[in-house]
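Spelled out, the chains give:
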Amino acid sequence: MFFGVAASSAYAAQKLVLNTGTRDPFTTENQQGFLDQLIRETFKRIGIDAEIIVYDASARALNHANQGIDDGATLRVKGIDKKFSNLIRVPEKLMDNDFVAYSIHDYLGITGWKSLASHDIAYILGWQIFQNNLPDHKSTIRTKDVGQMMNLLQHDRVDLILYERWQGLWRAKQLNIKIKAHEPPLAQREMFMYLHKKHANLVDKAAEALKAMKKDGMYQKIFDQTLTHYLD
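The notes below deal with the structure included here. (Residues numbered from 1 in each chain as written. Predicted model: local features only at pLDDT ≥ 70, side-chain atom pairs only at ≥ 80, totals over all residues. Heavy atoms only, no water.)

### Here we look at the packing of helix 1 (residues 34-44) against helix 7 (residues 218-226)
For any two helices packed against each other, one specifies the crossing angle of their axes together with the interaxial distance. Stated precisely, the cut-off is as follows: Helix axes use the C-alpha atoms of the stretch in contact, all axes being lines fitted to C-alpha atoms, and the angles between their N-to-C directions lie in the range 0 to 180 degrees. Put simply, DSSP marks the helices as runs of H or I at least four residues long and the strands as runs of E at least two long, and each gets a number from the N terminus on. Relative orientations are named as follows: roughly parallel for angles under 35 degrees, roughly antiparallel for angles over 145 degrees, roughly perpendicular for angles from 65 to 115 degrees, and oblique for any other angle. Handedness of a helix crossing follows the sense of rotation of the near helix relative to the far helix, less than a right angle counterclockwise being left-handed and clockwise being right-handed. Contact definition: two residues touch when any of their heavy atoms are within 4.5 Å. Gly is placed with the polar residues, together with every amino acid not listed as nonpolar (Ala, Val, Leu, Ile, Met, Phe, Trp, Tyr, Cys and Pro) or charged (Asp, Glu, Lys and Arg).
The N-to-C vectors of helix 1 and helix 7 enclose an angle of 160°; their axes lie 9 Å apart at closest approach. Taken together, helix 1 and helix 7 sit at an angle that is classed as roughly antiparallel. Helix 7 is crossed by helix 1, and the crossing has right-handed handedness. For the pair helix 1 and helix 7, contact is made by Phe 34, Gln 37, Leu 38 and Glu 41 and by Met 218, Tyr 219, Ile 222, Phe 223, Gln 225 and Thr 226, respectively. Tallied by class, the residues present in the contact of helix 1 with helix 7 amount to six nonpolar, three polar and one charged.

### Considering the environment of Thr 140
For clarity, the threshold we go by: For the purposes of these results, a polar contact is taken to be a pair of N or O atoms within 3.5 Å, where, inside protein, one atom must be able to donate a hydrogen and its partner to accept one; residues adjacent in sequence count only when each atom of the pair is a side-chain atom.
With respect to the helices and strands, Thr 140 occurs in strand 7 (residues 140-143). Leave out the neighbours within four places in its chain, and Thr 140 touches Ile 121 and Tyr 123. Side-chain polar atoms of Thr 140 contact the side chain of His 137, separated by 3.0 Å.

### Focus: the pairing of strand 1 (residues 15-20)
Definition in use: A simple rule labels every residue: compare its accessible area, found with a 1.4 Å probe on the protein chains alone, to the largest value its type can have, and call it buried under 20%, exposed over 50%, or partly exposed in between. Here, a strand pair is defined by DSSP locating no fewer than two bridges between the strands. A clockwise path from the first strand over the helix to the second, with the strands pointing away from the viewer, defines a right-handed crossover.
In terms of burial, strand 1 is a largely internal element, five of the six residues being buried. As defined by bridge partners, strand 1 adjoins strand 2 (residues 49-54) across six bridges and the pair is classed as parallel. What sits directly across from Lys 15, in strand 2, is Asp 49. The parallel pair strand 1 and strand 2, bridged by helix 1, forms a crossover whose chirality is right-handed. As defined by bridge partners, strand 1 adjoins strand 3 (residues 72-77) across two bridges and the pair is classed as parallel. When the sheet's bridge partners are listed, Asn 19 is paired in strand 3 with Ala 73.

### Details of the side chain of Ser 115
Mapped onto the elements of the fold, Ser 115 is located in the loop between strand 5 (95-103) and strand 6 (121-124). In this structure Ser 115 comes out as buried when scored by relative accessible area, which is 19%. Looking at Ser 115, its side chain comes within polar contact range of the main-chain nitrogen of Thr 111, at 3.0 Å. Within the local environment of Ser 115, its side chain forms a polar contact with the backbone oxygen of Gly 112, the two atoms lying 2.6 Å apart. Those residues within four positions of Ser 115 in sequence are excluded, and the remaining contacts are Gly 109 and Ile 110.

### So, the environment of Asp 96
Its location among the elements puts Asp 96 in strand 5. Through-space distance from the C-alpha of Asp 96 to that of Met 191 is 5.8 Å; in sequence the pair is 95 residues apart. At a separation of 3.0 Å, a polar atom in the side chain of Asp 96 contacts the side chain of Lys 93.

### With respect to the packing of helix 6 (residues 203-216) against helix 7
Contact geometry of helix 6 with helix 7 gives a least axis separation of 4 Å together with a crossing angle of 80°. By the angle class used here, helix 6 and helix 7 are roughly perpendicular. Along the contact surface, helix 6 presents Met 213, Lys 214 and Asp 216, while helix 7 presents Met 218, Tyr 219 and Ile 222. Split by residue class, the contact of helix 6 with helix 7 holds four nonpolar, no polar and two charged.

The values are spatial; any link to function lies outside them.
Have a look at this one:
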């Protein structure tokens, strides 16, 4: 998307709007979440204003990015360009997403998918990474949202809930409950940014800006300010 009038810089009047289906703590109401700050700083380094908008429906976000209604998509796994052919992946990853088992009580030996066999678990309906790895789990509750899932855990209706690391820690803090993330993660996925093909000339520039941020410490500063403190 383009706004403003012509200026001396080729990108001075350009503002990119990227989307996501992921909220706190990655995106926040005041636009100070991890993704908000990371995307803004990445494009600032190549002379472009950028912001993230959030959709409740993840599929809608991808369709809008693919159609060029929005300029790209963030926090997506590798390979979605096979289905959404107008999107080009920025090769430098944004982060690794960890998918973990959480509990309130201390359960030993939660080290992988097979170790969940004897436990009552819950996860959100539609999260394919859990559905694909636990198709035959005998004691599973699939919830409509994270609030319902956390409620089951708080009231000992399930032993474990399965969720993404940072969203789980954020939600637990809002509810003032102490939960334990079992290590190692059940799964880990590299997450990327995609740009619509009309911005193909920015793909390499964005990748280089991300790399530079990781080298000069800005990436870690944003990560610590927005995510790491939830480990306390």
